[in-house]
Amino acid sequence: MVTTTRTSSFTRTRRTRRTEALRGLVRETRLDPSQFIYPLFVTHGRDARVPITSMPGQYQLSVDQLETEARELRDLGVRAVLLFGLPAAKDALGSEAYDTDGVVQQAIRALKAADPSLAVVADVCLCEYTDHGHCGVLTDAGEVDNDPSLDLLSRMAVSCAEAGADIIAPSDMMDGRVGAIRSALDGTGFASTPVMAYSAKYASAYYGPFREAADSAPQFGDRRGYQMDPPNAREALREVQADIEEQADIVMVKPALAYLDVIRAVRERTDLPLAAYNVSGEYAMVKAAVERGWLDEQRVVLETLTGIARAGADILITYHAKDAARWLREARG
Ligand code: PBG
Ligand code: ZN
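Residues numbered from 1 in each chain as written. Chains lettered and ligands numbered in written order. Predicted model: local features only at pLDDT ≥ 70, side-chain atom pairs only at ≥ 80, totals over all residues. Heavy atoms only, no water.

Right, let's get into the coordination of the zinc ion (ligand 2). Metal coordination angles have textbook ideals: 109.5 degrees for a tetrahedral set of four donors and 90 or 180 degrees for an octahedral set of six. Binding of the zinc ion (ligand 2) to the protein goes through C125 (SG), C127 (SG) and C135 (SG), at separations of 2.2 to 2.3 Å. Coordination at the zinc ion (ligand 2) comes from 4 donor atoms whose angles at the metal span 97 to 121°, giving a geometry best classed as tetrahedral. Note on C125: relative accessible area 0%, which makes it buried. For C135, a relative accessible area of 0% puts it in the buried group. (Donors = N, O, S within 2.8 Å, 3.2 Å for Na, K, Ca; no water. Tetrahedral: all angles 85-135°; square planar, octahedral: opposite > 155°, others 65-115°. Buried < 20%, exposed > 50% of the residue type's maximum accessible area, 1.4 Å probe, protein only.)

Okay, the packing of helix α5 (residues 146-163) against helix α6 (residues 177-187) next. α6 packs onto α5 with a crossing angle of 45° between their chain directions and a minimal axis gap of 9 Å. Looking at the two axes, α5 sits oblique to α6. α6 is crossed by α5, and the crossing has right-handed handedness. Along its contact with α5, which presents L150, L153, S154, A157, V158 and A161, the element α6 presents R177, A180, I181, A184 and L185. Looking at the contact of α5 with α6 residue by residue, the class counts come to 9 nonpolar, 1 polar and 1 charged. (Axes fitted to C-alpha atoms, helices over the stretch in contact; angles between N-to-C directions. Helix = DSSP H or I, 4+ residues; strand = E, 2+ residues; numbered from the N terminus. Parallel < 35°, antiparallel > 145°, perpendicular 65-115°, else oblique. Left-handed = near helix turned anticlockwise from the far one by under 90°. Contact = heavy atoms within 4.5 Å. Nonpolar A, V, L, I, M, F, W, Y, C, P; charged D, E, K, R; others polar.)

Relative to the elements of secondary structure, Q60 occurs in strand β3 (residues 59-62). Given the relative accessible area of 14%, Q60 is considered buried. A polar side-chain atom of Q60 sits 2.8 Å from the main-chain carbonyl oxygen of A213. Sequence-distant contacts of Q60, that is, excluding residues within four places in its chain, are made with F41, T43, A48, R49, V50, I52, L86, E212 and A213. (Polar contact = N/O pair within 3.5 Å; in protein donor to acceptor, adjacent residues only side chain to side chain.)

Going through the model one piece at a time under the given rule, you end up with 21 salt bridges. Here R79 and D115 are joined by a salt bridge, their closest N and O atoms 3.2 Å apart. Here D115 lies in the loop between α4 (103-114) and β5 (119-124) and R79 lies in the loop between α3 (66-76) and β4 (80-86), a separation of 36 residues in the sequence. A relative accessible area of 1% means that D115 is categorised as buried. Through salt bridges with shared partners, a single network forms among R49, E69, E72, K322, D323 and R326. (Salt bridge = Lys/Arg side-chain N within 4 Å of Asp/Glu carboxyl O.)

Given below as structure tokens:
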């Protein structure tokens, strides 16, 4: 038997950190553009590329701009987009949400024509389409009415599937919507279209910039009556469980950074694919600090996305998707 006397305190951890090649070998979490979903805001009109002030680098795009967008995403290896629509008109029932010629339906058709291999995810919710800005329809007393909302959300889901959406992603937080949408899809020939449920979606101040981007701020009150209360983590597991029972194919936690513990807890509870939404306010904070020269954008973004993946997310929904894909490619050389 050989006994050794240690003459250095260097340990295995530091020995395997010495070079990039060694760090690469022992890396536990890897980012790849194939796990990114890039959100897009689509608007009526032509040649529109309207900058979103609070989200530098993001735009409201008209449908004719989407072909270029699809080409760029393909070149970067980003294979999925999440669509939000700005309707021509809003009303109490959010009619354009389930109109065959609605802006999102047109966008889905344009993207699938430009690149059939792109995964087009349709966000399903009424808040961009209702004049009151809530995610469902209202009772006479002005409360969000659960079950009548389910019918309209199901109509929107089917209408997006008919347009060619590859995934339906309900973000409304009504109870029972995953099951209602699942049966509506099954009953209309879309049994093979998956549902990605915004399962644990918190009533978050981090959605601020998105509401400018999608013009979807509630005109009275707030969303705390249907979105989750930020202090609750166990409740998130019940929401996820309910969505799994209703046959969700992918579950989601949103936002990401203030809820990394929730991402981890959900990861430990389910083997389903787990998505995390790195939301508009999280993006805006990084952009604002970078503009002031206070942060190194590339390093901060990749560190953030890695952290969300390390917490347990398989799928990263992020406005940084294109930049991150570019940086990952440059790093590979
Ligand atoms: C609409 C919806 C919101 C987001 C995604 N879908 C806003 C909200 O619930 O008010 C937020 C996305 C983001 O902030 O990036 N139901
Ligand atoms: Zn909504």
